[in-house]
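# Survey of secondary and tertiary structure
Given next are the chains, with one letter for each unit.
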Amino acid sequence: MYLKKLEMKGFKSFADKVVLNFERGITTIVGPNGSGKSNISDAVRLVLGEQSIKSLRGSKLEDIIFAGTEKRKPLGFAEVSLVFDNCDHMLPLDYSEVAITRRIFRSGESEFYINKTSCRLKDIYELFLDIGIGKDGYSIISQGKIDEILSTKPEERRRIFEEAAGISKYKYKKEEALKK
Ligand code: ATP
Ligand code: MG
């Protein structure tokens, strides 16, 4: 399984539809300061279910929707899709390609889709839980995160290691089971 494609429209600086195709292996994104490199990783995080606007480097929801320029009106919503190659069926779905989409509106509402079928945030969270690339899976380490990990309290650091080691999913499943 690997990330094959990222599509963005109306997300941060990407007003028009932008499609990035990735190959297997390592991809490096380079560009001048302020050109949108970090916005790309924010887009990935948004789809994986990030709910904290601060983590997406905004102070309010509107900050992640294209804000407009002198010549261009702001947009009403942002849409980001991640397309995974799932030929090895690492994602437990019967499809060889899995597209996860999130649409976010200025009102604060979010819509989620798995292969164009509407779903809940919980479905996306659970889909990625087993393979450790969820929003808290430490598969994305942002600028400043290393300092945060080093300066955090021991209990919090333990939580980080549990998440990275895949123990958190069992805790989550236990909590879900206890709710029933
Ligand atoms: P650096 O090398 O400094 O880390 P970067 O390539 O990571 O830079 P980003 O932080 O991804 O740059 O992009 C910042 C740009 O995105 C800024 O020019 C900012 O104006 C633009 N931007 C952020 N949010 C929005 C928005 N809602 N609407 C329009 N543009 C936005
Ligand atoms: Mg950056």
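Residues numbered from 1 in each chain as written. Chains lettered and ligands numbered in written order. Predicted model: local features only at pLDDT ≥ 70, side-chain atom pairs only at ≥ 80, totals over all residues.

### Some remarks on the UniProt feature "binding site: ATP" (unreviewed entry) in the protein chain
- Per the UniProt annotation, the sites labelled "binding site: ATP" (unreviewed entry) are Pro32, Asn33, Gly34, Ser35, Gly36, Lys37, Ser38 and Asn39.
- Mapped onto the fold, Pro32 is located in the loop between strand S2 (18-21) and helix H1 (37-47).
- Secondary-structure assignment places Asn33 in the loop between S2 and H1.
- Note on Asn33: 5 C-beta atoms within 10 Å, which makes it exposed. (UniProt positions renumbered as here; feature names shortened; annotations may be inferred. Helix = DSSP H or I, 4+ residues; strand = E, 2+ residues; numbered from the N terminus. Buried ≥ 20, exposed ≤ 12 C-beta atoms within 10 Å, placed from the backbone.)

### Here we look at H1
- What H1 keeps buried is the set Ile40, Asp42, Ala43, Leu46 and Val47. Down the axis of H1, the smallest arc covering the buried residues is 160°, so these residues share one side.
- On its buried face, H1 sits against strand S1 (2-9), strand S3 (77-85) and strand S4 (97-105). (Arc of directions from axis to C-beta. Contact = placed C-beta atoms within 7 Å.)

### A few points about the sheet that holds S3
- Spatially, S2-S1-S3-S4-S5-S6 is the arrangement adopted by the 6 strands of the open sheet, whose pairing is antiparallel. In this open sheet, the two edge strands, each paired with only one partner strand, are S2 and strand S6 (117-119). Neighbour to neighbour, the strand axes of the sheet diverge by 20° on average, direction disregarded.
- Inspection of the sheet shows S1 paired to S3 by 7 bridges, in the antiparallel sense. Counterpart to Tyr2 in the pairing with S3 is Asp85.
- Together, S1, S3 and S4 form the strand contacts of H1, whose direction differs from that of S3 by roughly 80°. (Pairing = 2+ DSSP bridges. Axes fitted to C-alpha atoms, helices over the stretch in contact; angles between N-to-C directions.)

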